[in-house]
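# Coordinate analysis (summary)
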Amino acid sequence: MTTLASFTFVRHIDGLRYHFERHGEHNDRPAYRRTDGKRVVCLVAVRRLAL
């Protein structure tokens, strides 16, 4: 699986944007932090499908 180096979350109601960049891993999941200086960490939950 490929992990993103960065991404932007856009709230569609008002267009507010949060920019995140890769910040290592936490419990074997990709972790991202906001680039605006706020201390917010986003953990990405990955669901693996059995084929």
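Owing to the predicted nature of the structure, the values given are computational and were not obtained by experimental measurement.

Looking now at the overall build of the protein chain. Assigned secondary structure in the protein chain consists of zero helices and four strands. Moving toward the C terminus, one meets the helices and strands of the protein chain in the order β-β-β-β. Out of the 51 residues belonging to the protein chain, those deemed buried represent 10%. In the protein chain, of all internal contacts separated by at least 6 residues, the share reaching a separation of at least 24 is 11%. Accessible area for the protein chain stands at about 4700 Å²; split by element, carbon and sulfur atoms hold 51% of it.

Okay, the environment of His19 next. Within the secondary structure layout, His19 lies in strand β2 (residues 17-26). Its relative accessible area of 39% is what places His19 among the partly exposed residues. Each C-alpha atom, one on His19 and one on Thr8, is 4.4 Å from the other, the two residues being 11 residues apart in sequence. Dropping the residues within four chain positions of it, His19 is found in contact with Phe7, Thr8, Arg33, Arg34 and Thr35. Engagement of the side chain of His19 in a polar contact is seen with the side chain of Thr8, the distance being 2.9 Å.

Right, let's get into the pattern of salt bridges. Per the counting criterion, the structure on display carries four salt bridges. A salt bridge links Arg33 to Glu21; the shortest N-O distance between them is 2.7 Å. One end of the pair, Arg33, is in strand β3 (residues 29-34); the other, Glu21, is in strand β2, and 12 residues separate them in sequence. When its relative accessible area of 34% is taken as the criterion, Arg33 is described as partly exposed. Note that Glu25 and Arg22 form a salt bridge whose closest N and O atoms lie 3.5 Å from each other. Among the residues examined, Glu25 registers a relative accessible area of 57% and is labelled exposed. In this structure Arg22 comes out as partly exposed when scored by relative accessible area, which is 27%.

This part takes up the confidence of the model for the protein chain. On average, residues of the protein chain score 78 in pLDDT, and 76% of them are at 70 or above. No element of the protein chain has a lower mean pLDDT than strand β4 (residues 41-43), at 66, and none a higher one than strand β1 (residues 6-10), at 86.

Cut-offs applied
Residues numbered from 1 in each chain as written. Predicted model: local features only at pLDDT ≥ 70, side-chain atom pairs only at ≥ 80, totals over all residues. Heavy atoms only, no water. Helix = DSSP H or I, 4+ residues; strand = E, 2+ residues; numbered from the N terminus. Buried < 20%, exposed > 50% of the residue type's maximum accessible area, 1.4 Å probe, protein only. Contact = heavy atoms within 4.5 Å. Areas by Shrake-Rupley, 256 points an atom, 1.4 Å probe, with all protein chains shown as cover. Polar contact = N/O pair within 3.5 Å; in protein donor to acceptor, adjacent residues only side chain to side chain. Salt bridge = Lys/Arg side-chain N within 4 Å of Asp/Glu carboxyl O. pLDDT = per-residue confidence, 0-100.

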